Amino acid sequence: MKKALIILLTLSTLSAFSQKKKMAIPPPQNTDKQIVISNIDKRFDEYAGISKQIWNYAELGYMEEKSSILLQELLKKEGFSVQAGVAGIPTAFLATFGEGKPTIGILAEYDALPGLAQESVPEIKPIPNQKGGHGCGHNLFGTASVAAAIEVKNWLQKSGQKGTVKIYGCPAEEGGSGKVYMVREGLFNDVDVVLHWHPGSQNSADAGTSLANKNAKFRFKGIAAHAAASPERGRSGLDGVEAMDMMVNMMREHIPQDTRIHYVITKGGEAPNVVPAYAEVYYYARHKDRDILQSVWKRIENAAQGAALGTGTKVEWEVLGGVFNLLPNVTLAETMHNNLAMVGGVTYTEEEKKFAEKISETLGDQKQPVENAAKVKDFRDGSASATSGGSTDVGDVSWTVPTVGLQTATWVSGSAAHSWQSTAASGMTIGQKGMIVAAKTLACTALDLYKDAVLIEKAKAEWLQKRGADFKYEALLGDRKPALDYRK
């Protein structure tokens with residue numbers, strides 16, 4: 001009897017524990033964010049296919065005709081009003097849906113890099129006769145941003161929420177400063193907050209900044225002559241380039257150590273036995289402080305003039321691009337981080353894990369556990385000190401309207417941007433999964449902003465305080481027209 005009672009009590013306890021366990025799991029809720037996330041997941045194959053098409057096109061800056069049209073057509077199909085060729089750029093566009101405030105902008109990029117044509121395989125395998133490749137993952141960038149805008153549009157329709165969403169088709173981020181012309185044109189003047197993202201090798205939404213950048217092509221003109229029979233009659237454009245390069249390299253010792261200067265000789269002559277009548281060198285300079293950048297740039301120009309004087313040549317230069325440093329916004333970054341943490345990172349299949357491990361073996365001392373793709377890094381406020389080594393024309397946008405971004409693990413952990421490894425991952429499911437994480441996070445962050453006017457006001461107050469009361473925007477590239485031929 002006692003034994004039967006113990007058994008009965010045990011069964012009763014287990015049953016109660018089982019019921020408690022069931023009750024502890026909340027029933028599924030169809031919240032707005034969950035619906036948005038689910039809808040993006042349902043369209044994974046479609047968005048993966050679009051990103052792969054853009055990856056295959058691999059169109060360089062200001063030549064992204066097919067990529068731009070592909071995204072525009074999708075947005076038109078989804079009910080957006082699309083303006084093509086904005087800011088005097090044939091491949092730029094602005095797509096709009098909704099009415100009233102708040103207005104949330106989302107940036108989309110789609111330009112490739114020269115010289116990074118690589119098959120989507122975990123070993124070096126260039127694609128023959130292809131000029132460029134998506135080593136910065138902009139094929140993913142543009143697609144994810146459009147996907148996020150579509151879900152925001154769907155939510156605005158179904159919820160009856162007042163507000164407008166704008167998607168900016170931004171060409172030529174890689175050195176062409178496409179967004180600067182869009183800022184100059186006033187296309188962001190009526191926007192409350194701008195969202196963006198970037199492919200990477202980790203998942204994070206920090207409040208960080210970047211380097212301001214100015215770049216130009218310096219063109220030296222001399223006199224052609226037979227290099228052996230009558231060299232005294234010649235004046236070498238290549239001598240001018242090399243003299244300039246030597247002076248700039250000596251200058252490195254006497255400029256702030258966190259300055260970055262890099263160059264490539266884009267034209268050096270035709271044949272060794274002909275004194276080059278023309279030579280060209282392409283320069284970038286970067287610094288986190290725009291005033292320091294401008295002072296360093298003036299010294300680079302002086303070096304060019306001195307090189308021309310010393311070699312008996314003439315020099316002229318064309319400023320092709322110039323971008324501000326990013327103005328971070330902690331208020332917005334914390335919101336973005338919370339949504340990224342909710343969405344989570346990237347989990348690999350066994351096949352993807354094998355691909356990632358093969359890539360990882362090529363990374364040397366930068367090798368990291370491939371499982372890092374599943375992690376979201378803790379939030380970090382680097383707005384006062386930490387600076388990315390790169391530059392972006394999103395910087396100009398961030399000084400025009402409160403702006404926030406994130407990066408997701410579209411590449412194998414430890415991979416560098418602008419590498420064959422990042423190009424390979426950007427063309428397959430590892431990159432596409434990271435892209436979907438970005439799309440979800442952007443859309444969910446937009447929903448927070450539409451629902452919370454106080455959040456927008458807080459972000460604007462921080463932005464105004466950091467920007468300064470006396471700030472007046474002047475583009476680093478001046479009033480020149482878009483450099484549509486800079487990649488030709």
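Quick look at the structure, then. (Residues numbered from 1 in each chain as written. Predicted model: local features only at pLDDT ≥ 70, side-chain atom pairs only at ≥ 80, totals over all residues. Heavy atoms only, no water.)

**Focus on the side chain of S51**
Line of reasoning, step 1. Relative to the helices and strands, S51 resides in helix α3 (residues 44-57).
Line of reasoning, step 2. Judged by its relative accessible area of 0%, S51 falls in the buried class.
Line of reasoning, step 3. The contacts of S51, once residues within four sequence positions are left out, are N139, L140, T143, Q432 and M435. (Helix = DSSP H or I, 4+ residues; strand = E, 2+ residues; numbered from the N terminus. Buried < 20%, exposed > 50% of the residue type's maximum accessible area, 1.4 Å probe, protein only. Contact = heavy atoms within 4.5 Å.)

**Thoughts on unusual backbone geometry**
Line of reasoning, step 1. K101 connects to P102 through a cis peptide bond whose omega is 0°.
Line of reasoning, step 2. Along the chain, the position of P102 falls in the loop between β2 (93-99) and β3 (103-109).
Line of reasoning, step 3. Despite not being glycine, Y62 has its phi angle at roughly 65°, a positive value.
Line of reasoning, step 4. The residue Y62 is located in the loop between α3 and α4 (65-77) in this model.
Line of reasoning, step 5. Look at A87: it is not a glycine, yet its phi comes out positive at around 60°.
Line of reasoning, step 6. Looking at the element boundaries, A87 is found in the loop between β1 (81-84) and β2.
Line of reasoning, step 7. You can call A87 buried: its relative accessible area is 12%.

**Considerations on the pattern of salt bridges**
Line of reasoning, step 1. Tallying each qualifying case throughout the model produces 24 salt bridges.
Line of reasoning, step 2. The salt bridge involving E78 is made with R43; its shortest N-O contact spans 2.9 Å. Within this pair, whereas E78 is found in the loop between α4 and β1, its partner R43 is found in the loop between α2 (32-42) and α3, the two being separated by 35 residues in sequence.
Line of reasoning, step 3. Residue E78 is classed as buried on the basis of its relative accessible area, which comes to 15%.
Line of reasoning, step 4. Between D192 and K460 there is a salt bridge; the shortest N-O distance is 2.7 Å. Note that D192 is positioned in the loop between α6 (178-184) and β7 (193-200) and K460 in helix α14 (residues 453-467), a separation of 268 residues in sequence.
Line of reasoning, step 5. Residues joined in a network through salt bridges with shared partners are R43, E46, E78 and K153. (Salt bridge = Lys/Arg side-chain N within 4 Å of Asp/Glu carboxyl O.)

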